[in-house]
Structure formats: C-alpha cells, structure tokens
Amino acid sequence: MTTTITPELITFPSSTHTLSGHLYRPQTTNPTNPTNPTNPTKATAGIILSHPMTGVKEQTTALYAQHLSAAGFTTLTFDAAYQGASTGQPRGLEDPFQRVEDIKAAVTYLSSTLESSRIGVLGICASGGYACFAAASDVRIKAVATVSAACVGGMTRCGGVHRGLKEDEGVIKGVLGGAAEDRIRRGVRSSSSSTTTGEEEETPKMFDAEKVLQAKKNGEEVDSFFGAGAEYYGSAERGKHERSTQRVPLQSYDRMVVYDSFAFMRLIAPRPVLMIAGAEAETLHYSEEAVQVRAREPKELFVVPGKNHFDLYDQLEESGPKLVQFFTKYLA
C-alpha cells in the first residue's frame, strides 16, 4: 500500500502572477529499515506536473504527483495563472502562452529548490500540449511526458477534438466574435468601476454536468468527449472541486486560436518524449501525430487499451508505472 505524502504549500512567481503550488518530497528512507535508502539515485530528480484546461492542482495532477513521489521523485503541481488559488483576472482565463510561461517558472523554482538539473515535465490534457511547447524552447526540461494530450489551438480552430475535423472558417469567426464581445463587455464594466458580480455566471461552462445529465435523461445525443468530461468533473468521487468551476471566459479563445501545441516538437530532441493516451480517447490522434509525424527520436507513443480521455485522469494502473519507468530511465 502506497503511503500518502502530504505536500508542502508553496508559491512562486510567473510573469506578473503568483502561482499556488504543492511540493511533494519523497521518502528517502525505508520506514522498516532507515539505514537503507529506497531511491537514492532519484532523490534530486524532480518532475513538474501541469493540470488540464479548467482543472486545478488538487485533481489528476495530485494523483500522478503522489504516484511519482512514492517512486522517489520530488514532484511539483501548481494552479495555472488565472485559475485555482493562483492570481489573475478574469478568473478561469485560458492563455496558452501564459500556461507555457507557468511551466518554465515552475522549472526555475524546482531547479533552485533541488539544486538539480534533472527536471522532467508531465502535462495532462491541454497541458500535454503546453509541456511539449515549453520543452521545445527550454533546454532545462530534460524529459517530457504527456497523458491524454490535446491542442487547444487545434480544438478552437476546428470546433472540437474529434479525429478528422478540419479548420472551420465559420467556427473561427464565431469564437473571435465572442472573444471580442467579451473584451468589450468586461472593458466597459472596468472603466465604469462597476462590480464584477454576475460576471462569473455569465461565463459559459466547458463541462456542464447538470446539463449533460438532463440531456441524457431526455434521450438527447451528447458529445462523447464532453459527456465524459462532465462525468469526471461532476463527480465528487473523481474530479469535482470547488475551485474547478469549468467556466472559461470567451476571450480565452482569441488567445487559443493562434496557438499550436505541437508545431515545434522536433526541437525537443535529443531529449526524450513519452505520450500516453487511451485507445478510446477522442484525442488520441493528437498524440499519434505528435509522435509519429512531428517528434524526433527518442520518442514513444503508449496507448492504453479500453480507456478514454478522462479515464486516464484517475486510473493510473498502466499509465502510472509507465511514467515511473520513463522518468527513471531518463532522470534518475
């Protein structure tokens, strides 16, 4: 049985923001034999974990952080700027370039904390893309792994995450129009010194569990990806968290539409890349293309049979040991 590791609450700067993080330090000695270190070669190796879009550090990244820390790594999770317990307005904003900067800031913090150059990054969902983008231009990241990786830019331009979707001019025009209106609306409120009361409620939810459940009861067809997302984020036993509201300001989309997570995968080499995805995940094609077409060796695609995108958020039976194996090989 794995011992639960209580994380240390930390903060660190990222651009103009202050990020809230959790630092998990591994047990370096065996409780039954204190003179025999359990993982002496991993003690100064660290892994940064970046959460999915609309997520917070207490959800899936916490599970993976515990798993990797139990294997001997120091792990760091954090809330992205604008999200969770970190600073930034408007709340919930998804800014890909800030998310990449957040990862680099976490590398700076962990490097100084461990006084080590053995730092890896694990990104989940949208952060799978952010982790790859960050590593392409930050050589301090020595190994990159992803779980259920996706590109928010591709999603925005195509109007969804499903395989086979192409860029849609109508979709792009729509999201840019919505983003423009959101900026005007919030700007008017700011200049008039009005309060932001009700602004949160006006921001649409990405995964609305109540609507999905009602639609299913009514016999309506529900998109498989958003249905599974609503199930995960709406379940107290899985990913429900008070700071993970699922509300994404519309001005996020004019930031995402010009972003491409995997455009520079080739620049990560010769550092290693591991991408893990479920065989039933609508997002599997992102990892397939990133590994098979865009990345250079050393690279690996690990497909978990029978799992969808969100299953791998909290079902670590296969993904967990694979990550330990990967980071042990390249960091320990």
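My aim in this report is to walk through the structure given alongside it, one point at a time. Being a predicted model, the structure only gives us computed values, none of them experimental.

The secondary structure content of the chain amounts to 12 helices and 8 strands. The globule rule puts the C-alpha radius of gyration for 332 residues at 20 Å, and the 20 Å found for the chain is close to it. On the principal axes, the C-alpha backbone points of the chain span a range of 65 × 45 × 40 Å. Within the chain, the fraction of its 332 residues that count as buried is 55%. On the chain, roughly 14600 Å² of surface is accessible, and the fraction owed to carbon and sulfur atoms is 52%. A gap of 5 Å separates the mean positions of the 34 positive and 38 negative side-chain charges of the chain.

With that settled, the discussion passes to unusual backbone geometry. Residue Pro-270 is reached from Ala-269 by a cis peptide bond, and omega for that bond is 10°. At the junction of Glu-297 and Pro-298, the peptide bond is cis and its omega measures out at 0° in the coordinates. Tracing the chain through its elements places Pro-298 in the loop between helix 10 (284-294) and strand 8 (299-304). You will see that Glu-115, though not glycine, has its phi angle at about 55°, which is positive. Relative to the assigned elements, Glu-115 resides in the loop between helix 2 (96-114) and strand 5 (119-124). Glu-115 sits in the exposed class, given a relative accessible area of 75%. Its identity as a non-glycine residue notwithstanding, Ser-148 has a phi of 55°, on the positive side. Along the chain, Ser-148 turns up in the loop between strand 6 (141-147) and helix 4 (152-158).

Looking now at the packing of helix 1 (residues 60-70) against helix 12 (residues 319-331). Two elements in contact, helix 1 and helix 12, have axes whose closest approach is 10 Å; the angle formed by their N-to-C orientations is 50°. In terms of orientation, helix 1 lies oblique with respect to helix 12. Read as a crossing pair, helix 1 and helix 12 show a hand that is right-handed. Contacts between helix 1 and helix 12 pair Tyr-64, His-67 and Leu-68 from the former with Ser-319, Gly-320, Pro-321, Leu-323, Val-324 and Phe-327 from the latter.

Counting through the fold element by element, His-285 comes out in helix 10. A polar contact of 3.5 Å, which involves the side chain of His-285, links it to the backbone oxygen of Glu-282. If near-sequence neighbours (up to four positions away) are discounted, His-285 is found in contact with Val-161, His-162 and Arg-163.

Our focus in this paragraph is the packing of aromatic side chains. Each aromatic ring pair is described using two quantities: the centre-to-centre distance and the angle formed by the ring planes. Per the counting criterion, the structure on display carries 21 aromatic pairs. When the centroid spacing of 5.1 Å and the interplanar angle of 45° are considered together, the rings of Phe-225 and Phe-310 count as tilted. On the criterion of sequence distance, the pair formed by Phe-225 in helix 8 (residues 224-233) and Phe-310 in the loop between strand 8 and helix 11 (311-314) is long-range, its members being 85 residues apart. Taken together, the ring pairs in this structure connect Phe-207, Phe-225, Phe-226, Tyr-232, Tyr-233, Phe-310 and Tyr-313 into an aromatic cluster.

Another point: the state of the cysteines. Taken as a whole and assessed by the stated rule, the structure comprises 0 disulfides. Cys-151 supplies the cysteine sulfur nearest to Cys-132, a cysteine that is in no disulfide, at a spacing of 10 Å. With relative accessibility at 1%, the residue Cys-132 sits in the buried group. Between Cys-158, a cysteine without a disulfide, and Cys-151, which holds the nearest cysteine sulfur, the sulfur-to-sulfur distance is 8.8 Å. Accessibility expressed as a relative area gives 16% for Cys-158, which makes it buried.

Buried residues dominate helix 8, accounting for 7 of its 10 residues. Within helix 8 the residues assigned to the buried category are Phe-225, Gly-227, Ala-228, Gly-229, Ala-230, Tyr-232 and Tyr-233. Those residues of helix 8 hidden inside the fold are in contact with helix 1, helix 7 (209-217) and helix 11. The N-cap of helix 8, judged by a side-chain oxygen 2.9 Å from the amide nitrogen of Phe-225 a few residues on, is Asp-223.

For the rest of this paragraph, the subject is the sheet that holds strand 4 (residues 74-78). Taken together, 8 strands build an open sheet; the order of strands is 1-2-4-3-5-6-7-8 and the sheet is mixed. The sheet is open, and its two borders are formed by strand 1 (8-14) and strand 8, each paired with just one other strand. Across the sheet, the mean angle from the axis of one strand to that of its neighbour is 20°, orientation sign disregarded. Across 6 bridges, strand 5 lies against strand 6 in parallel orientation. Considered in strand 6, the bridge of Ile-119 is made with Ile-141. This element, helix 2, spans strand 1, strand 2 (17-24), strand 3 (46-50), strand 4, strand 5 and strand 6 of the sheet and lies at about 120° to strand 1.

The rules behind the values
- Residues numbered from 1 in each chain as written.
- Predicted model: local features only at pLDDT ≥ 70, side-chain atom pairs only at ≥ 80, totals over all residues.
- Heavy atoms only, no water.
- Helix = DSSP H or I, 4+ residues; strand = E, 2+ residues; numbered from the N terminus.
- Rg over C-alpha atoms; globule rule 2.2 N^0.38 Å.
- Buried < 20%, exposed > 50% of the residue type's maximum accessible area, 1.4 Å probe, protein only.
- Areas by Shrake-Rupley, 256 points an atom, 1.4 Å probe, with all protein chains shown as cover.
- Lys, Arg positive; Asp, Glu negative; His and termini not counted.
- Charge placed at Lys NZ, Arg CZ, Asp CG, Glu CD.
- Axes fitted to C-alpha atoms, helices over the stretch in contact; angles between N-to-C directions.
- Parallel < 35°, antiparallel > 145°, perpendicular 65-115°, else oblique.
- Left-handed = near helix turned anticlockwise from the far one by under 90°.
- Contact = heavy atoms within 4.5 Å.
- Polar contact = N/O pair within 3.5 Å; in protein donor to acceptor, adjacent residues only side chain to side chain.
- Phe/Tyr/Trp six-rings, centres within 6.5 Å; stacked < 30°, edge-to-face > 60°.
- Disulfide = S-S within 2.5 Å.
- Pairing = 2+ DSSP bridges.

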